[in-house]
Amino acid sequence: MTRSERNWLLVAPAAAWFVVMLVLPLSVIFVFSFGERGPAGGYVPAFTLEQYANLPARFTAFKNTMILAPVGTIAAMLIAYPLAYQLAVRTDPKWKTILLVLVIVPFWTSILIRSYAWIFILGGRGLPALLEMVGIEGVRLIYTPFAVLIGIIYGYLPLMVFPIYVSLDRLDKRLLEASADLGAKPLRTFLTVTLPLSIPGVATGCMLVFILLMGEFLIPALLGGGKVFFVGNALVDLFLQSRNWAFGSAVAFTLIVIMLVTVTVYMRVIARLQSGRDDVSIM
Amino acid sequence: MKDNGYISKRKFMEELSRYRKGSVSRRHFLGVTGLGTATLVLGTAVPGLRPRPARADSHIGDRVVLATWPNYHDTANFDMFTDATGAFVQVNVFGSNEEMLAKLQAGGSGWDVFVPTNYTITTYVSEDLIEPLDVSKLQSYDAKAFEPRFSDAGTVDGTLYAVPKNWGTTGFAVNTAHDGGKALTSWKDFFDRTTDDFSGRTMVHDYQLTTIGNALKYFGYSFNSVNEAELAEAERLLIEVKPHLFAISSDYQPAMRSGDAWLTMCWTGDGKQLNSDIPEIEYVLGREGGEIWSDYYAIPKGAPHREAAYALINHMLDPQVNAREVQAHGYPVADANTNALLPEEILNDPILYPAQELLDALEFGAAATLTDPNRAELLARFKSA
């Protein structure tokens, strides 16, 4: 067996996986997106651009996704960073493991159940009732974009905490001492040493959360009351209610393209921020 | 097990709701209601319930998967079935017939029994998704006892595909504590008041047939219209009220009970359940009309536990069991044998049996609405608007 044959053999399982799990389904979606809805729903082969022409009918779903996904990502990052910082830099090592486990604990229960719990917390007898007791009346939380945002932040926080934690934990503490020795105040040390060195973790966390959020449907379905629609909800609807596989495929393919473009631009920007420090990569 | 002898209907319903909420154990419930004893007696009296140890395990398997609607069963009846046959009833709840059809079309649903509504059955037959029924396995089913208009949709081209479960109407439930003394009596009221004093408090079904149909009734069109111009008007109305909706969902009881929602499109039994627990929530049929419907038990093609499916349907159609179902969920049945066992106050309940002039205005759903691409897309567009 030659070297190149051996290489091919080793790559084959991964390549097969890619073809079966990624290339094939994507091709099916692409082909379906030019088809038509069957008489009782489903798909019949055709070649038409009608489905893509109909995309504006889902404008609001794309708009909601394109607003709430980045806003949710940034909000989760702003909340996760101090937490990760506290865990990685300030916490006594003997407590670290326990505290980290506590961050993971919510993952032991299904996101469905955890989101469902928020229906009661945000419902009329939950937080709004508490607010009423302190004199703030008429607050409506459940089934609003804000409820969806809270659900998103809550659900995705651990995914953001971990990458940031890892990058802060690996940070060479001697650099902080050096910075202090050279007369930098804590804030300056944070801004010029800690923060730049933790950018890879932040970038990874944001990317993880953002990509998942773009396809999110569960949280808006539960906390948006069928009114705050993401593209994911529009897709569920098209496949599981109105049975328009052709249009559903066009919507799905468009979402994939938007995601690819966004993520590429994002990686470029991060790479530029990182330039000059090629010892750290973002993923 | 202690048998307390007599139990009043009210007390029975209270105990039932305590049991359903999980506040009391099943043992307590069966004991205090006498159902435990009744089950023992029934178990030997009714052929379908007679324990068949050898059969139970080897034939029908350990489970049966039922796809049905929210708040549509008495779980005690499922427990009885499990006790008698050893098969556990796994319940999947749906919000629309479209959702059920989509699952079956996609394949691999894993269902053994599902509960389609009258107007969908011809489509299931033409799509080859539904199993013809073998009546010899349904000893409890007495075809002659059923009112034909609620049972005839189960037969397509002379073949029996589905047997009637319950019938009912689609109206709305309104919390009259919030109507300012001005009663709502029509679909016009329903939508107009939603943009006014019920703003932010109204729910509509996540279901094309009723949400579009009732919007069509606002303009006086047929509930089943597939006319593009009429649908366009209905869509404008729905888009206009959307910002005033509390939610778009077919599971509206929790929000009505918590007081978050005050007004919702509503099916008979939900109306009855809400009204029994919270009397100021009233069930209203729109004066313009709306839907009258009949649901059926059916078996999908390729059901993994077909024998258990027959056993479950047979169990549920037993008049004794069916009568308890009606008392638990408040949907009427078209079966004379079951009605003979029901108390007078249920048979005269205006929620279950609305006045004739209100019923006369109602329409059965039409098969065309299920497959019409415009209605399907209209609802999807309305939700993502």
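As a convention, each chain's residues are numbered from 1 in the sequence order in which they are written. Labels are handed out in written order, letters beginning with A for the chains and numbers beginning with 1 for the ligands. Under the rules for a predicted model, residues below a pLDDT of 70 receive no local features and side-chain atom pairs below 80 are neither given nor counted, while totals for whole chains, interfaces and linings still include all residues.

What to know about the overall build of chain A
Thinking step 1. Looking only at helices and strands, chain A has 12 helices and 0 strands in total.
Thinking step 2. The order of α-helices and β-strands along chain A, N terminus first, is α-α-α-α-α-α-α-α-α-α-α-α.
Thinking step 3. Reported as C-alpha extents along the three principal axes, the dimensions of chain A are approximately 75 × 75 × 30 Å.
Thinking step 4. For the exposure call, what matters is how many other C-beta atoms sit within 10 Å of a residue's own: 20 or more marks it buried, 12 or fewer exposed, and in between partly exposed, using C-beta atoms placed from the backbone. Going through the 283 residues of chain A one by one, you find that 35% of them count as buried.
Thinking step 5. Working definition of a contact: two residues with C-beta atoms, positioned from the backbone, lying within 7 Å. In chain A, the proportion of contacts linking residues at least 24 apart, taken out of those at least 6 apart, comes to 73%. Secondary structure elements are defined from DSSP: runs of H or I of at least 4 residues count as helices, runs of E of at least 2 residues count as strands, and each element is numbered from the N terminus.

Quick word on the overall build of chain B
Thinking step 1. Scanning chain B from terminus to terminus reveals 20 helices and 12 strands.
Thinking step 2. Considering chain B as a whole, with its 385 residues, one finds that 52% of them fall into the buried category.

Looking at the domain arrangement of chain B
All names here are of chain B.
Thinking step 1. Segmentation of the chain into domains, including their bounds, is taken from an automatic or database domain assignment. Annotation of chain B at the domain level lists domain 1 (9-167 + 296-347) and domain 2 (168-292 + 353-384).
Thinking step 2. Of all elements in the fold, only α6 (97-106), α7 (121-126) and β6 (162-175) reach the threshold of two or more residues within the side of domain 1 that touches domain 2.
Thinking step 3. Counting residues per element, the side of domain 1 that touches domain 2 draws most heavily on α6, which supplies 3 residues.

Section: the interface of chain A and chain B
Thinking step 1. On the side of chain B, 28 residues touch chain A, which itself brings 28 residues to the contact.
Thinking step 2. Put simply, the parts of the chain that give the side of chain A that touches chain B at least two residues each are α3 (59-90) and α11 (231-240) of chain A.
Thinking step 3. The element that contributes the greatest number of residues to the side of chain A that touches chain B is α11(A), accounting for 5 residues.
Thinking step 4. All amino acids are sorted into three groups, where Ala, Val, Leu, Ile, Met, Phe, Trp, Tyr, Cys and Pro are nonpolar, Asp, Glu, Lys and Arg are charged, and the leftover types, Gly among them, are polar. Split by residue class, the side of chain A that touches chain B holds 11 nonpolar, 10 polar and 7 charged.

Some details on the environment of Gly289(B)
All names here are of chain B.
Thinking step 1. Structurally, the position occupied by Gly289 is in the loop between β10 (281-284) and β11 (290-298).
Thinking step 2. According to the C-beta neighbour criterion, Gly289 is buried, with 23 such atoms within 10 Å.
Thinking step 3. Sequence-wise, Gly289 and Asp270 are 19 residues apart; in three dimensions their C-alpha atoms are separated by 19 Å.
Thinking step 4. Excluding residues within four positions of it along the chain, Gly289 makes contact with Lys217, Phe223, Ala361, Leu362 and Glu363.

A look at the environment of Arg114(A)
All names here are of chain A.
Thinking step 1. By secondary structure assignment, the location of Arg114 is in helix α5 (residues 111-122).
Thinking step 2. Separated by 103 residues in the primary sequence, Arg114 and Val11 have C-alpha atoms spaced 40 Å apart.
Thinking step 3. The contact partners of Arg114, leaving out residues within four places of it in the chain, are Pro106, Thr109 and Gly155.

Here we look at the packing of helix α9 (residues 186-214) of chain A against helix α12 (residues 245-274) of chain A
Residues and elements named next belong to chain A.
Thinking step 1. It is at 11 Å that the axes of α9 and α12 come closest, and there the two elements cross at 175°. Relative to α12, α9 is oriented roughly antiparallel. Of the residues in α12, those in contact with Ile199, Ala203, Met207, Ile211 and Met214 of α9 are Leu255, Met259, Val263, Tyr266, Ile270, Leu273 and Gln274.
Thinking step 2. Here the contact of α9 with α12 is composed, by residue class, of 11 nonpolar, 1 polar and no charged. Axis angles are defined between N-to-C directions and span 0 to 180 degrees, where every axis is a line fitted to C-alpha atoms and, for a helix, only to the segment in contact. When an angle is under 35 degrees it counts as roughly parallel; over 145 it counts as roughly antiparallel; between 65 and 115 it counts as roughly perpendicular; any other value is oblique.

Section: the confidence of the model for chain A
Thinking step 1. Looking at any residue, its pLDDT shows the predictor's confidence there, from 0 to 100. Of the residues in chain A, 97% reach a pLDDT of 70 or more, and the chain-wide mean stands at 91.
Thinking step 2. Element-level mean pLDDT values for chain A span from 90 in helix α8 (residues 173-181) of chain A up to 96 in helix α2 (residues 50-53) of chain A.

Thoughts on unusual backbone geometry
Thinking step 1. We note that Tyr143(A) has phi near 60°; this positive angle belongs to a residue other than glycine.
Thinking step 2. Structurally, Tyr143(A) is set in the loop between α6 (127-133) and α7 (145-169).
Thinking step 3. The exposure class of Tyr143(A) is buried, given the 28 C-beta atoms found within 10 Å.
Thinking step 4. Even without being a glycine, Asp157(B) presents a positive backbone phi close to 50°.
Thinking step 5. Within the secondary structure, Asp157(B) sits in the loop between β4 (155-156) and β5 (159-160).

Observations regarding the pairing of β6(B)
All names here are of chain B.
Thinking step 1. By the criterion of burial, β6 is predominantly enclosed, with 14 of the 14 residues buried.
Thinking step 2. In terms of strand pairing, β6 meets β11 through 7 bridges, oriented antiparallel. By the bridge assignment for β11, Trp167 is matched with Ser294.
Thinking step 3. Two strands pair under a simple rule: DSSP has to find at least two bridges between them. Note: β6 against strand β9 (residues 263-267), 5 bridges, orientation antiparallel. Bridge assignment links Val174 to a residue of β9, and that residue is Leu263.
Thinking step 4. Pairing geometry for β6 and β10, over 4 bridges, is antiparallel. When the bridges of β10 are listed, Phe172 appears paired with Val284.

Quick look at helix α9 (residues 187-194) of chain B
Residue and element names in this part refer to chain B.
Thinking step 1. Along α9, 6 of the 8 residues are buried, which leaves the element largely enclosed by surrounding structure.
Thinking step 2. What α9 keeps buried is the set Trp187, Asp189, Phe190, Phe191, Arg193 and Thr194.
Thinking step 3. Considering only its buried residues, α9 is in contact with β6, β7 (202-204), α10 (208-218), α11 (228-241), β9 and β11.

A few points about the confidence of the model for chain B
Residue and element names in this part refer to chain B.
Thinking step 1. Residues at a pLDDT of 70 or more form 85% of chain B, whose mean pLDDT is 90.
Thinking step 2. The low-confidence segment residues 1-5, where pLDDT is below 50, has 9 contacts with residues more than four positions distant or belonging to other chains.
Thinking step 3. Scored below 50 in pLDDT, residues 50-58 makes 8 contacts in the model with residues more than four places away or belonging to other chains.
Thinking step 4. In the model output, the complex is listed with pTM 0.85 alongside ipTM 0.86.

Some points on the environment of Pro145(A)
Residue and element names in this part refer to chain A.
Thinking step 1. Mapped onto the secondary structure, Pro145 falls in helix α7.
Thinking step 2. It is 8.7 Å that separates the C-alpha atoms of Pro145 and Asn64, two residues lying 81 residues apart in sequence.
Thinking step 3. If we skip the residues at most four places from it in the chain, Pro145 touches Leu68 and Val228.

Topic: the nonpolar core
Thinking step 1. The term nonpolar core means buried Ala, Val, Leu, Ile, Met, Phe, Trp, Tyr and Cys residues held together as one set by C-beta atoms within 7 Å. In this structure, Val113(B) and Leu312(B) are the most contacted members of the largest nonpolar core, which totals 156 residues.
Thinking step 2. The biggest single contributor to this core is α7(A), with 15 residues.
Thinking step 3. No fewer than three residues from each of domain 1 (9-167 + 296-347) and domain 2 (168-292 + 353-384) of chain B sit in this core.
Thinking step 4. In this structure, Val113(B) is in contact with Val64(B), Leu66(B), Tyr297(B), Ile299(B), Ala309(B), Leu312(B) and Ile313(B), ignoring residues within four places of it in sequence.
Thinking step 5. One finds Phe146(B), Phe150(B), Trp167(B) and Ile292(B) within the second-largest nonpolar core, a separate group that totals 5 residues.

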